[in-house]
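Take a look at the letters that make up each chain.
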Amino acid sequence: NGQDREFVLENNYLGPAFPDEEIAATLDKYKLTYETLSDPSARAADLIAEGNIIGWFQGRLEFGDRALGNRSILADPRDPSMKEKVNDTIKYREPFRPFAPAILNQRVDDYFESASPTPFMEKAFKIRPERHGEIPAVTHVDGTGRLQSVDQDNNPLFYRLINAFSNKTGVPVVLNTSFNLKGEPIVCTPKDALRTFFSCGLDALIIG
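Now for a look at the structure at hand. All values reported here derive from a predicted model rather than from experimental measurement.

1. Regarding the side chain of Thr-177
Considering the arrangement of structural elements, one finds Thr-177 in strand 6 (residues 173–178). Setting aside chain neighbours within four positions, we find Thr-177 in contact with Ala-67, Arg-71, Ser-72, Ile-73, Val-86, Lys-91, Arg-93 and Phe-99.

And the structure:
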């Protein structure tokens, strides 16, 4: 009608997804033992709270260079040695490169100074000084964090995971980095996820 219209991109989950039947067929093809979960988010939260580093493969692949909770490696941000553990066993990155805090969107102001909703993990904000010791694995040397705010409507499974972790630990934040090895693209297919899982130090893989 000739009028200007505003388009708002609410998420970047634009890539392929894989139904549970296809995932199971891939697991069976390689004769792998697995467990079917009634609540993958709750199990993931328990595993992370126990110190495990997990691969999290859900829904559609993210478009772009940031894993935003569908093809992610997740860990406990409370452990001051977790950044080194993830780097030494999985990511093999330079030690100065930080990992991102993924946080429930309604708790952003509790942990960050003058922050705005940042669902695409494209901005860094100052973490409140009193929170540095609470989430050391995602607090950069300059006191910032490359924030991802997680909205229930945009990613209900990932939101549910962080909320379950919060209920268990009191911390509404998880360490989030892309599900890939250094020099490789983010995993896309179930086969990609399995190859990466068995090629590094991940403790568990929750897929579909």
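From this point, the discussion proceeds with the structure in view.
2. A short note on the nonpolar core
In this structure, Ile-54 and Phe-112 are the most contacted members of the largest nonpolar core, which totals 57 residues. For Ile-54, the contacting residues outside a window of four places in its chain are Ala-44, Leu-47, Ile-48, Ser-72, Ile-73, Leu-74, Leu-202, Ala-204 and Ile-206.

3. Quick word on helix 6 (residues 190–197)
Taken residue by residue, helix 6 has Pro-190, Ala-193, Leu-194, Thr-196 and Phe-197 as its buried positions. Along helix 6, the residues classed as buried sweep out an arc of 165 degrees about the axis, all on the same side. Buried residues belonging to helix 6 abut helix 1 (20–29), strand 1 (54–57) and strand 7 (204–207).

4. Focus: the packing of aromatic side chains
All chains considered together, the criterion is met by 2 aromatic pairs. Geometrically, the ring pair formed by Phe-18 and Phe-57 is tilted, given 6.2 Å between the ring centres and 45 degrees between the ring planes. With Phe-18 in the segment before helix 1 and Phe-57 in strand 1, the pair connects residues that are 39 residues apart, well separated along the chain. For the pair formed by Phe-18 and Phe-57, the shared burial category is buried. With 5.0 Å between their ring centres and 75 degrees between their planes, Phe-197 and Phe-198 make a pair best called edge-to-face. Geometry around Phe-57 places Arg-71 over its ring, the cationic atom sitting 3.8 Å from the centre. One cation-aromatic arrangement involves Arg-131 over Tyr-111; the distance from NZ or CZ to the ring centre is 4.0 Å.

5. Here we look at a nonpolar patch on the surface
Together, Phe-7, Leu-9, Leu-14 and Phe-63 line one region of the surface with nonpolar side chains, adding up to about 510 Å² of accessible area. Its location among the elements puts Phe-63 in the loop between strand 1 and strand 2 (71–75). Overall, the relative accessible area of 62% leaves Phe-63 in the exposed class.

6. Considerations on the sheet that holds strand 1
The mixed open sheet is built from 7 strands, whose spatial order is 4-5-3-6-2-1-7. What marks the edges here is a single partner per strand, and that holds for strand 4 (123–126) and strand 7. On average, adjacent strands in this sheet sit at an angle of 40 degrees to one another, irrespective of strand direction. Both strand 2 and strand 6 contribute to a ladder of 4 bridges, which runs antiparallel. The residue of strand 6 that forms the bridge with Ile-73 is Thr-177. With respect to the sheet, helix 2 (residues 40–49) is in contact with strand 1, strand 2 and strand 7, its orientation differing from that of strand 1 by roughly 160 degrees.

7. A word on helix 1
Three or more residues of helix 1 are buried, namely Ile-23, Thr-26 and Leu-27. Taken end-on, helix 1 shows its buried residues confined to a sector of 100 degrees, consistent with a single buried face. Facing away from the buried side of helix 1, by more than 90 degrees, are the exposed residues Glu-21 and Lys-29. Among the structural elements, helix 6 and strand 7 are those in contact with the buried residues of helix 1. Lys-31 sits one or two residues past helix 1 and shows a positive phi near 55 degrees.

8. Observations concerning the pairing of strand 5 (residues 144–150)
With respect to burial, strand 5 is a largely interior element, 6 of its 7 residues being buried. Of the strand pairs in this sheet, strand 3 (residues 100–104) and strand 5 are connected by 3 bridges, and their pairing is parallel. Note that in strand 5 the partner of Leu-104 across the bridge is Val-150. Of the pairings in the sheet, the one linking strand 4 to strand 5 comprises 4 bridges and is antiparallel in character.

Basis of the calculations
- Residues numbered from 1 in each chain as written.
- Predicted model: local features only at pLDDT ≥ 70, side-chain atom pairs only at ≥ 80, totals over all residues.
- Heavy atoms only, no water.
- Helix = DSSP H or I, 4+ residues; strand = E, 2+ residues; numbered from the N terminus.
- Contact = heavy atoms within 4.5 Å.
- Core = buried A, V, L, I, M, F, W, Y, C linked by side-chain atoms within 4.5 Å.
- Buried < 20%, exposed > 50% of the residue type's maximum accessible area, 1.4 Å probe, protein only.
- Arc of directions from axis to C-beta.
- Phe/Tyr/Trp six-rings, centres within 6.5 Å; stacked < 30°, edge-to-face > 60°.
- Lys NZ or Arg CZ within 6 Å of the ring centre and 35° of its normal.
- Patch = residues over 30% accessible without salt bridge, like charges linked within 9 Å, V, L, I, M, F, W, Y side chains within 5 Å.
- Areas by Shrake-Rupley, 256 points an atom, 1.4 Å probe, with all protein chains shown as cover.
- Salt bridge = Lys/Arg side-chain N within 4 Å of Asp/Glu carboxyl O.
- Pairing = 2+ DSSP bridges.
- Axes fitted to C-alpha atoms, helices over the stretch in contact; angles between N-to-C directions.

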